[in-house]
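# Examining the three-dimensional arrangement
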Amino acid sequence: MRTLKYEITTEHQGMTVEHYLKKIQGYSSRTIVKLKHYEKGMCLNGAHTRTIDVLNAGDCLEITFLDSKEHGVEHFIRSNRFVEIAYEDNDVVVFNKPADMPCHQSCGHAADTLGNVFAAHCDQLEMDLMYRPLNRLDRDTSGAVLVAKNRFAAATITNNFHKTYQAVLDGVPPCTQGRVEAPIRREFPEEMRRIVAPDGQRAVTNYRVIAQKDGFSLVDFVLETGRTHQIRVHMAHLGCPVLGDELYGRKSELIARQALHCRLISFLQPVSKEEITVVCPQLKDMQQLCRKIGLYREENV
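Residues numbered from 1 in each chain as written. Predicted model: local features only at pLDDT ≥ 70, side-chain atom pairs only at ≥ 80, totals over all residues. Heavy atoms only, no water.

Right, let's get into the state of the cysteines. Applying the stated criterion across every chain, the model contains 0 disulfides. Note on Cys60: no disulfide assigned, nearest cysteine sulfur contributed by Cys43 at a separation of 9.6 Å. For the unlinked cysteine Cys175, the closest cysteine sulfur is that of Cys240, found at 11 Å. (Disulfide = S-S within 2.5 Å.)

Core analysis: the largest hydrophobic core is formed by 60 residues, its most contacted members being Phe118, Leu146, Val168, Phe221 and Phe267. Here Phe267 is in contact with Tyr87, Val92, Val94, Leu146, Ile157, Asn160, Phe161, Glu274, Glu275, Ile276 and Val278, once residues within four sequence places are set aside. In this structure, Val17, Tyr20, Leu21 and Tyr27 belong to the second largest nonpolar core, which totals 18 residues. (Core = buried A, V, L, I, M, F, W, Y, C linked by side-chain atoms within 4.5 Å. Buried < 20%, exposed > 50% of the residue type's maximum accessible area, 1.4 Å probe, protein only. Contact = heavy atoms within 4.5 Å.)

What follows concerns the layout of surface pockets. Rolled over the atoms, a probe as big as a water molecule pinpoints where empty space is left. The space that makes up the largest pocket amounts to roughly 1,300 Å³. Contributing to the lining of the largest pocket are 44 residues, with Arg136, Leu137, Asp138, Thr228 and His229 lying nearest its centre. For the lining of the largest pocket, the element with the highest residue contribution is strand 9 (residues 161-169), accounting for 4 residues. Counted by class, the lining of the largest pocket contains 15 nonpolar, 17 polar and 12 charged residues. (1 Å grid on protein atoms, 1.4 Å probe; cavity = no way out; pocket = protein on both sides within 12 Å on 5 of 7 lines; lining within 4 Å. Points joined across faces, edges and corners; volume = space filled by probe spheres on them. Helix = DSSP H or I, 4+ residues; strand = E, 2+ residues; numbered from the N terminus. Nonpolar A, V, L, I, M, F, W, Y, C, P; charged D, E, K, R; others polar.)

Attention now goes to the sheet that holds strand 2 (residues 42-44). Strand pairing in a sheet is mediated by backbone hydrogen bonds. Such pairs are either parallel or antiparallel. What the 4 strands build is an open sheet, ordered 1-4-2-3; its pairing is antiparallel. Only two strands of the sheet have a single neighbouring strand rather than two, namely strand 1 (2-7) and strand 3 (47-48). Taken together, the 2 bridges between strand 2 and strand 3 define a ladder with antiparallel strand orientation. By the bridge assignment for strand 3, Cys43 is matched with His48. Where helix 1 (residues 17-24) meets the sheet, it contacts strand 1, strand 2 and strand 4 (60-65), and its direction lies at approximately 70 degrees from that of strand 4. In the packing of helix 2 (residues 29-36) onto the sheet, contacts are made with strand 2 and strand 4, and the angle to strand 4 comes to roughly 90 degrees. (Pairing = 2+ DSSP bridges. Axes fitted to C-alpha atoms, helices over the stretch in contact; angles between N-to-C directions.)

Moving on to the environment of His121. Mapped onto the fold, His121 is located in helix 3 (residues 114-125). Along the backbone, His121 and Arg78 are 43 residues apart, and their C-alpha atoms lie at a distance of 8.8 Å. Leaving out residues up to four positions away in the same chain, His121 has contacts with Ile85 and Glu88.

Here is the structure:
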């Protein structure tokens, strides 16, 4: 449960509750509708209020977010696996997800996902929250995963945050920095593998080479679109696939998974509007890889 209190000033007196929440505090219509279904979702000066009620200077508007039991984490099997928390406040948590861990439950992955780790973390907080990951990483991609703790945080931050990825490539891009704009689609219906194709969905990847040596490169990526496997597909298209990526490149003896990591995520804190930047250092396997092939620099990891 999360309760936010707003002290109404003379600047906003005369507004309805709905207008204030939408125009001043940035609530979505969907969030407000959900709040209306909670007995204590919206209270004005300690009493239940309607969206059409008018605010006066000095009023105290309280908004409470409740996750219903059927959507909370009660049904998750708890995982005691340690996952680093890179940042946490009352509204969000950022995990530095390890490789070999899915973000979501699926067939064969009922107890080993980040959702299971989050459920165990909720027990420590003595809270039953809904699992709301705002970005998704492939199972073998490590790094920052941002999870909202309530509906307001999810609605406010969704599609309003920025990520930087880092990868070790089996090869070197043609330019020190560049922009790949090449549409992506499934190679075959119902198959996981993607390809660059004229009839695919628009996909844009910006990259910058940080270091290169002996045919390998350490590269940062910022995405303008969020297609499945986008970095992996675009780099394979350039002839320098992510090292260890067996789906788009080749297996490597240097690392047991694709060498791809989400190293930075930034967003506005949904309540304070403070800009938050969270850096998730490379995990040990990628750090050791970069040292071994001579791409390691402290500031890059």
